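Descriptive analysis of the structure
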Amino acid sequence: GIQVEQSPPDLILQEGANSTLRCNFSDSVNNLQWFHQNPWGQLINLFYIPSGTKQNGRLSATTVATERYSLLYISSSQTTDSGVYFCALDSGGGADGLTFGKGTHLIIQP
Amino acid sequence: KAGVTQTPRYLIKTRGQQVTLSCSPISGHRSVSWYQQTPGQGLQFLFEYFSETQRNKGNFPGRFSGRQFSNSRSEMNVSTLELGDSALYLCASSLAYRISSYEQYFGPGTRLTVT
């Protein structure tokens, strides 16, 4: 199946800093989503972005499908941005569901 | 529009027992998928249902089963519980069963502890 690698695994930043999270994948994708998992475990949808660039407030994402990577940008970080960020994707029609990376654990310190 | 709901939110069971978890998708969504999250294995796909039919299944033993009702609500069942089944079980819904084509929305999860 498709391989997903997220980096960095852990990131500690001060409030107000900017960050870039990366997701590399091993095959072409039809569905790529970014999620934020809050402390209670719920996965919050950030972006559905199999290709191109999207922005939502302080967050933006870019997927370069031909080079098999996606980036999530967080600007002017706030403590509420803390949590785990997952990249999840599907390459083959959904037979294996969404394949998740191991996540980036982000801690924003006040 | 209400999001995906899962019940119960927390559950404690003993080895050998069975458990049933419930998921109600977003109104209008007809596909429901289930995932297991553990610290060691991360998030893994269990199965997907659409129109009361299982469309896809992940690499889990037969003790894990599920079903979907005509109103798109879904249940998953785990029989003969093992300690390793302790996990956060997440349900996702989408408009249709082609995961490739439709955004997936997740519920808050059910945290199962097996003692």
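Report follows, based on the coordinates. What you see is a predicted model, and the numbers here were worked out from it, not measured in a lab.

Our focus in this paragraph is the overall build of chain B. Within chain B, the secondary structure is distributed over zero helices and 11 strands. Ordered by position from N to C terminus, the α and β elements of chain B give β-β-β-β-β-β-β-β-β-β-β. Radius of gyration (C-alpha) of chain B: 13 Å, near the 13 Å computed for a compact globule of 115 residues. With the principal axes as the frame, chain B shows a C-alpha extent of 35 × 25 × 25 Å. For chain B, the proportion of contacts with a sequence separation of at least 24, taken over those separated by at least 6, is 55%. When the accessible surface of chain B is totalled, it reaches about 5,300 Å², and 46% of it is carbon and sulfur. Counting 12 positive and 6 negative side-chain charges, chain B places the centres of these two groups 2 Å from one another.

Another aspect to go through is the nonpolar core. Within the largest apolar cluster, 22 residues are counted, with the highest numbers of intra-cluster contacts made by W34, L72 and L89 of chain A. Look past the residues within four positions of L72 of chain A in its chain and what remains in contact with it is S19, T20, L21, W34, L46, F47, S60, A61 and Y85 of chain A. Core analysis: the next-biggest nonpolar cluster, separate from the first, contains 21 residues, I26, F47, F64 and L81 of chain B among them.

Now for the interface of chain A and chain B. Contact with chain A, which involves 21 residues of that partner, is made by 21 residues of chain B. Taken together, chain A and chain B are joined by zero salt bridges. There are six residue pairs in polar contact (both at pLDDT 80 or more) connecting chain A and chain B. Contributing elements (two or more residues each) for the side of chain A that touches chain B: β4 (31-37), β5 (43-48) and β9 (83-90) of chain A. Split into classes, the residues belonging to the side of chain A that touches chain B amount to eight nonpolar, 11 polar and two charged.

With that settled, the discussion passes to the environment of V32 of chain B. Residue and element names in this part refer to chain B. With respect to the helices and strands, V32 occurs in strand β4 (residues 31-38). Between the alpha carbons of V32 and S72 there is a distance of 7.5 Å; along the sequence they are 40 residues apart. Ignoring sequence-local partners within four residues, the contact set of V32 consists of C23, P25, F47, E48, Y49, Q68, S72, S74, C91 and A92.

Let us now look at the pairing of strand β3 (residues 19-25) of chain A. Residue and element names in this part refer to chain A. By the alternation rule, side chains of β3 split into S19, L21, C23 and F25, which are all buried, and T20, R22 and N24, of which none is buried. Both strand β1 (residues 4-7) and β3 contribute to a ladder of four bridges, which runs antiparallel. Residue pairing for β3: Q6 is matched across the bridge by C23. Sheet topology note: the β3/strand β8 (residues 69-74) ladder contains six bridges and is antiparallel. Across the sheet, C23 pairs through a bridge with S70, a residue of β8.

The subject of this paragraph is the state of the cysteines. Residue and element names in this part refer to chain A. Going through the model one piece at a time under the given rule, you end up with two disulfides over all chains. The disulfide that involves C23 links it to C87, with 2.0 Å between the sulfurs. Looking along the S-S bond of the C23-C87 disulfide, the torsion reads about -50 degrees, which is the left-handed sense. Here C23 is found in strand β3, whereas its partner C87 is found in strand β9, with 64 residues between them in sequence. A residue is classified by how much of its surface remains accessible, and C23, at 0% relative accessible area, is buried.

This part covers the packing of aromatic side chains. Tallied over the entire structure, the rule returns nine aromatic pairs over all chains. An aromatic cluster is present here, built from F35, F86 and F100 of chain A together with Y35, F45 and F106 of chain B joined pairwise through their rings. For the cation-ring pair, R22 of chain A lies above Y69 of chain A, with the distance from its terminal atom to the ring centre recorded as 4.3 Å.

A word on the sheet that holds β8 of chain A. Residue and element names in this part refer to chain A. Strand order in this open sheet of five strands is β1-β3-β8-β7-β6, and the pairing throughout is antiparallel. Looking along the sheet, the strands with just one partner apiece sit at the ends: β1 and β6 (52-56). For this sheet, the mean angle separating the axes of adjacent strands, direction not counted, is 15 degrees.

Here the focus is the side chain of S70 of chain A. All names here are of chain A. Within the secondary structure, S70 sits in strand β8. Classification of S70 by relative accessible area gives buried; the value is 0%. A polar contact of 3.0 Å, which involves the side chain of S70, links it to the side chain of W34. At 3.1 Å, the side chain of S70 forms a polar contact with the backbone oxygen of T62.

Calculation rules
- Residues numbered from 1 in each chain as written.
- Chains lettered and ligands numbered in written order.
- Predicted model: local features only at pLDDT ≥ 70, side-chain atom pairs only at ≥ 80, totals over all residues.
- Heavy atoms only, no water.
- Helix = DSSP H or I, 4+ residues; strand = E, 2+ residues; numbered from the N terminus.
- Rg over C-alpha atoms; globule rule 2.2 N^0.38 Å.
- Contact = heavy atoms within 4.5 Å.
- Areas by Shrake-Rupley, 256 points an atom, 1.4 Å probe, with all protein chains shown as cover.
- Lys, Arg positive; Asp, Glu negative; His and termini not counted.
- Charge placed at Lys NZ, Arg CZ, Asp CG, Glu CD.
- Core = buried A, V, L, I, M, F, W, Y, C linked by side-chain atoms within 4.5 Å.
- Buried < 20%, exposed > 50% of the residue type's maximum accessible area, 1.4 Å probe, protein only.
- Salt bridge = Lys/Arg side-chain N within 4 Å of Asp/Glu carboxyl O.
- Polar contact = N/O pair within 3.5 Å; in protein donor to acceptor, adjacent residues only side chain to side chain.
- Nonpolar A, V, L, I, M, F, W, Y, C, P; charged D, E, K, R; others polar.
- Pairing = 2+ DSSP bridges.
- Disulfide = S-S within 2.5 Å.
- Phe/Tyr/Trp six-rings, centres within 6.5 Å; stacked < 30°, edge-to-face > 60°.
- Lys NZ or Arg CZ within 6 Å of the ring centre and 35° of its normal.
- Axes fitted to C-alpha atoms, helices over the stretch in contact; angles between N-to-C directions.

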